[in-house]
2 protein chains.
Amino acid sequence: MTSTEKTITLAHGAGGGAMHGLIDGLFLSAFGDMPLLQKEDQARLPLAGLQARGDRLALTTDSFVVSPLEFPGGDIGKLAVCGTLNDLAVGGAVPLYLSAAFIIEEGLPLALLQRLVGSMAEAARQAGVTIVTGDTKVVERGMADKLFINTTGVGVIPAGLALSVAAARPGDKVLINGHVGDHGAAIMLAREELGLEGKLASDCAALHTLIQPVLAQCAGVRCLRDATRGGLGGVLNEMAEASSVEIRLTEQDLPIRPQTRALCELLGLEPLLLANEGLAAMVIAPEQAGQALALWHAHPLGRHARIIGEVRAPASPGRLSLLGPYGGARLLEVPHGLQLPRIC
Amino acid sequence: MTSTEKTITLAHGAGGGAMHGLIDGLFLSAFGDMPLLQKEDQARLPLAGLQARGDRLALTTDSFVVSPLEFPGGDIGKLAVCGTLNDLAVGGAVPLYLSAAFIIEEGLPLALLQRLVGSMAEAARQAGVTIVTGDTKVVERGMADKLFINTTGVGVIPAGLALSVAAARPGDKVLINGHVGDHGAAIMLAREELGLEGKLASDCAALHTLIQPVLAQCAGVRCLRDATRGGLGGVLNEMAEASSVEIRLTEQDLPIRPQTRALCELLGLEPLLLANEGLAAMVIAPEQAGQALALWHAHPLGRHARIIGEVRAPASPGRLSLLGPYGGARLLEVPHGLQLPRIC
């Protein structure tokens, strides 16, 4: 590679020799045995293999625009794999394939791109999913912020599974697998303009191996979501609304790291609205909550799992309430806007 | 809608009330009966319906960054549907489902977004594909150029079809369905900074209904590609290289509009390298070329179809050559870089 090729140029997105060089030399060498290696315009995947795993195809898409591109606990590449994979996993799907599309700003250092693509490939390998097709676009300097990645995921949902945000019933328990708000807090600390320092890492992780054993063993799982944008408060509010129930959390049962709490107090933020990238919220029939909790405790991503609340009949249907330490309950409103842009 | 809501704000991408309002009020109302209406994190599509249509799943992804967003003959919304659909169709797949992911720059007029999403919905409806899942991100002003759209397409390839860029054989004929370079030329004219005027429209169109009857009736189709980035020259070069043959075109048989030719002469461009968005290049066994041509002529998108050249044994294996009006042949080199950025 000559010195003039150490950053991405418009030629890398132009469909000619430079683009094919980038695809062969960087993407294909990182992603390995992609069916894309056939160099056709589409990946071709045997349907027989899919039917064997379930009766429905799951399809989900996400664009990642996180800033900064690299942060403690992850980077945009790892996030782009785990985020889409989790959107499949919370539907009960076995994640199988990903597409990966890159919008690159002219001038992005090739070494950085290589690192991020490598991280993506590593995350996919660890999760057992294959990146099967891709796309590369380059836009002029100033027309994008360094790098955006879209991933679209394909999985298969086993027959009989019917998770839904609308399925929560009074008496059900609410479980989460770890600390609340780590990703949002870590991104905030990673943004130099805030001038803050701290030791928080994103929880960015692929949750399917945590989720699948519970789904296989506990027929009483009703709703399952990963608490990304909008935070844990956002997803529980959606569940409460769609199921026409009240979800009540017990404030002191919420696992929130002291650093996250301190940061939120400093900036006037609500930890329940911070984004997470490795946190699943599960509503489950009360008689199976203990079994699910034990399964989670036995998994590296579920060591800090807890029952944090329960589903109640009306009182405030469609709402999320928090029981405070002195017995008073308050409603948690999900705001119109946001706490922080570009956290994913 | 209040006056403060007439442009996209960061709140529209934040996972709260504003985002849900945008999704419900704009995307879902345009895309209609999306399985996404279930408001789960993933679309759930019956596998039984897929097996009935073929034996392989086709998966393809494309991000669209075209500038300007609207141009004669189309816009980024129509392009995002047709472009991805065509990448499925040229693999012989029946296109079924699309995901749609939007990266929006803060400040984008809501009316413009509504128009583009409406155009996308209309293109999907006309093509008989369903947009089943989506994503919306908003980045700060100056961090993207107005709007980028990613679409990922899912289709099914009928059993027995095995199109490949590596399948061309000496003696095969090369067909295209229409004029060369319309899209690239129209985009150039639409860019005000060039100060040019002209009456050219993009050929942006969904090609599956043009392609499917030929595949159903002509077993001799070897390679099929849509000639987008890199132009007709780019895809024929790829076929020649992958098949280790020479592809020879007859220059005067190339259907190029006089306006496109004039523009290329003015700017020193090669029409064969201009992007197209509704042009398919097909390599087919010589004994079936006439039948395929007749099928194309009977289709509105194939009225100007022509046999433009043939596949030859070595001489220049892996190369594309052009036979000029006086009997001399020249090789067409596909350049390292590009003629024009952001044409799709």
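Keep in mind the model is a prediction, meaning the values are calculated, not measured.

**Q** Please clarify how helix α6 (residues 208-217) of chain B should be interpreted in this entry.
**A** In an α-helix, one turn spans 3.6 residues; hence positions three or four apart end up facing the same way. All names here are of chain B. Turning to α6, its buried residues are His208, Leu210, Ile211, Val214 and Leu215. When α6 is viewed along its axis, its buried side chains cluster within an angular range of 155 degrees and face the same direction. Residues of α6 that are buried make contact with α3 (76-89), β5 (94-105), α4 (110-127), β9 (221-226), β11 (280-284) and α9 (286-297).

**Q** Would you take a moment to explain the sheet that holds strand β8 (residues 173-176) of chain A for this structure?
**A** What holds strands together in a sheet is hydrogen bonding between their backbones, with the strands either parallel or antiparallel. All names here are of chain A. Reading across from one edge, β9-β11-β8-β12-β10-β13-β14 is the order of the seven strands in this open sheet, with mixed pairing throughout. Strands at the two margins of the open sheet, each flanked by one partner only, are β9 (221-226) and β14 (329-331). Along the sheet, successive strands turn relative to each other by an average axial angle of 25 degrees, direction set aside.

**Q** Could you clarify how one ought to interpret the relation of the copies chain A and chain B in this entry?
**A** For the pair chain A and chain B, the relating rotation is 180 degrees, the translation along its axis is 0.0 Å, and the fit reaches an RMSD of 0.0 Å. Such a combination of rotation and displacement between the chain copies is what one expects of a two-fold axis. Among all residues of chain A, the one whose C-alpha sits closest to the rotation axis is A:Ala144, at a distance of 2.0 Å. Comparing interface residues between copies, 100% of those in chain A also sit at the interface in chain B, which points to an isologous, same-surface contact.

**Q** What should I look at first to understand the sheet that holds strand β1 (residues 43-46) of chain B in this one?
**A** Reading across the sheet, the five strands line up as β6(A)-β5(A)-β7(A)-β2(A)-β1(B) and stay open at both edges, with mixed pairing between neighbours. In the strand order of this sheet, the two ends are held by β6 (130-139) of chain A together with β1 of chain B, each with one partner. On average, adjacent strands in this sheet sit at an angle of 15 degrees to one another, irrespective of strand direction. In this sheet, strand β7 (residues 147-157) of chain A lies alongside strand β2 (residues 56-64) of chain A in antiparallel orientation, the contact comprising nine bridges. Bridging from a neighbouring strand, A:Arg56 pairs with A:Ile157 of β7(A). Of the strands in this sheet, β5 (94-105) and β6 of chain A touch helix α1 (residues 17-31) of chain A, which is tilted by about 145 degrees from β6(A).

Rules and cut-offs
Residues numbered from 1 in each chain as written. Chains lettered and ligands numbered in written order. Predicted model: local features only at pLDDT ≥ 70, side-chain atom pairs only at ≥ 80, totals over all residues. Heavy atoms only, no water. Buried < 20%, exposed > 50% of the residue type's maximum accessible area, 1.4 Å probe, protein only. Helix = DSSP H or I, 4+ residues; strand = E, 2+ residues; numbered from the N terminus. Arc of directions from axis to C-beta. Contact = heavy atoms within 4.5 Å. Pairing = 2+ DSSP bridges. Axes fitted to C-alpha atoms, helices over the stretch in contact; angles between N-to-C directions. Least-squares fit on C-alpha atoms with pLDDT ≥ 70 in both.

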